Amino acid sequence: MTAPAGQPVTTTYKVTGMTCGHCEGAVKEEVSAIPGVVSVEAAATTGIVTVVSQAPLDEEAVRAAVDEAGYELVGQA
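### Details of the overall build of the protein
Next, step 1: For the protein, the count of helices and strands is two helices and four strands.
Next, step 2: For the protein, the α and β elements follow one another from N to C terminus as β-α-β-β-α-β.
Next, step 3: Seen through its principal axes, the protein has C-alpha atoms that stretch 35 × 20 × 20 Å.
Next, step 4: The 77 residues of the protein split such that 35% are buried.
Next, step 5: Sequence separation of 24 or more characterises 60% of the internal contacts of the protein that already satisfy a separation of 6 or more.
Next, step 6: With the model as given, the accessible surface of the protein reaches about 4300 Å², and the carbon-plus-sulfur share is 51%.

### Brief notes about the pattern of salt bridges
Next, step 1: Under the counting rule described, the total for this entry stands at two salt bridges.
Next, step 2: In this structure, R63 engages E59 in a salt bridge whose closest nitrogen and oxygen atoms are separated by 3.2 Å. Within this pair, R63 and its partner E59 are both found in helix 2 (residues 59-69), separated by four residues, close to a single helical turn.
Next, step 3: With a relative accessible area of 24%, E59 lands in the partly exposed category.
Next, step 4: E60 is the partner of R63 in a salt bridge, and the nearest nitrogen-oxygen pair spans 3.4 Å.

### Observations concerning the side chain of S53
Next, step 1: For S53, the location among the structural elements is in strand 3 (residues 48-53).
Next, step 2: On the basis of relative accessibility, which here comes to 1%, the residue S53 falls in the buried class.
Next, step 3: Here the side chain of S53 touches A55 through a polar contact of 2.6 Å, landing on its backbone oxygen.
Next, step 4: Residues contacting S53, with those up to four places away along its chain left out, are P8, V9, G36, V37 and V38.

### Some words on the pairing of strand 2 (residues 37-43)
Next, step 1: As paired strands, strand 2 and strand 3 are joined by six bridges and run antiparallel to one another. When the bridges of strand 3 are listed, S39 appears paired with V52.
Next, step 2: Counted between consecutive antiparallel strands, the loop separating strand 2 from strand 3 contains four residues, among which G47 sits at a positive phi close to 75 degrees.

### Thoughts on the nonpolar core
Next, step 1: Ranked by internal contacts, the top residues of the largest apolar core, which has 21 residues, are M18, V31, V49, V51 and Y71.
Next, step 2: Within the residue set of this core, elements represented by two or more residues are strand 1 (9-16), helix 1 (21-32), strand 2, strand 3 and helix 2.
Next, step 3: Setting aside anything within four residues of it in sequence, one finds M18 in contact with C23, E24, V27, A42, A43, A44, G47, I48, V49 and Y71.

### Re the packing of helix 1 against helix 2
Next, step 1: Axis separation between helix 1 and helix 2 bottoms out at 8 Å; the angle between their running directions is 140 degrees. Classed by the angle they form, the pair helix 1 and helix 2 counts as oblique. In the crossing of helix 1 with helix 2, the sense of the turn from one axis to the other is right-handed. Along its contact with helix 1, which presents A26, V27, E30 and V31, the element helix 2 presents A65, V66, E68 and A69.

Rules used in this analysis
- Residues numbered from 1 in each chain as written.
- Predicted model: local features only at pLDDT ≥ 70, side-chain atom pairs only at ≥ 80, totals over all residues.
- Heavy atoms only, no water.
- Helix = DSSP H or I, 4+ residues; strand = E, 2+ residues; numbered from the N terminus.
- Buried < 20%, exposed > 50% of the residue type's maximum accessible area, 1.4 Å probe, protein only.
- Contact = heavy atoms within 4.5 Å.
- Areas by Shrake-Rupley, 256 points an atom, 1.4 Å probe, with all protein chains shown as cover.
- Salt bridge = Lys/Arg side-chain N within 4 Å of Asp/Glu carboxyl O.
- Polar contact = N/O pair within 3.5 Å; in protein donor to acceptor, adjacent residues only side chain to side chain.
- Pairing = 2+ DSSP bridges.
- Core = buried A, V, L, I, M, F, W, Y, C linked by side-chain atoms within 4.5 Å.
- Axes fitted to C-alpha atoms, helices over the stretch in contact; angles between N-to-C directions.
- Parallel < 35°, antiparallel > 145°, perpendicular 65-115°, else oblique.
- Left-handed = near helix turned anticlockwise from the far one by under 90°.

If you want it as structure tokens, here you go:
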């Protein structure tokens, strides 16, 4: 995913295992800790996590953060 310099990058990921607001909060907290992340929205009903960052993120870093929260990253949605 590319974006002009200085433009935020929005990436959506599919995460399995989220079932409630607590799950959403745990994923948001862990993914928000990745350097360069501007905002995170997680939806347990769809399993979609939308991340806005200053530059494209390393998917393995996102996977590790989601794993730390106790869920599984399937990949980009």
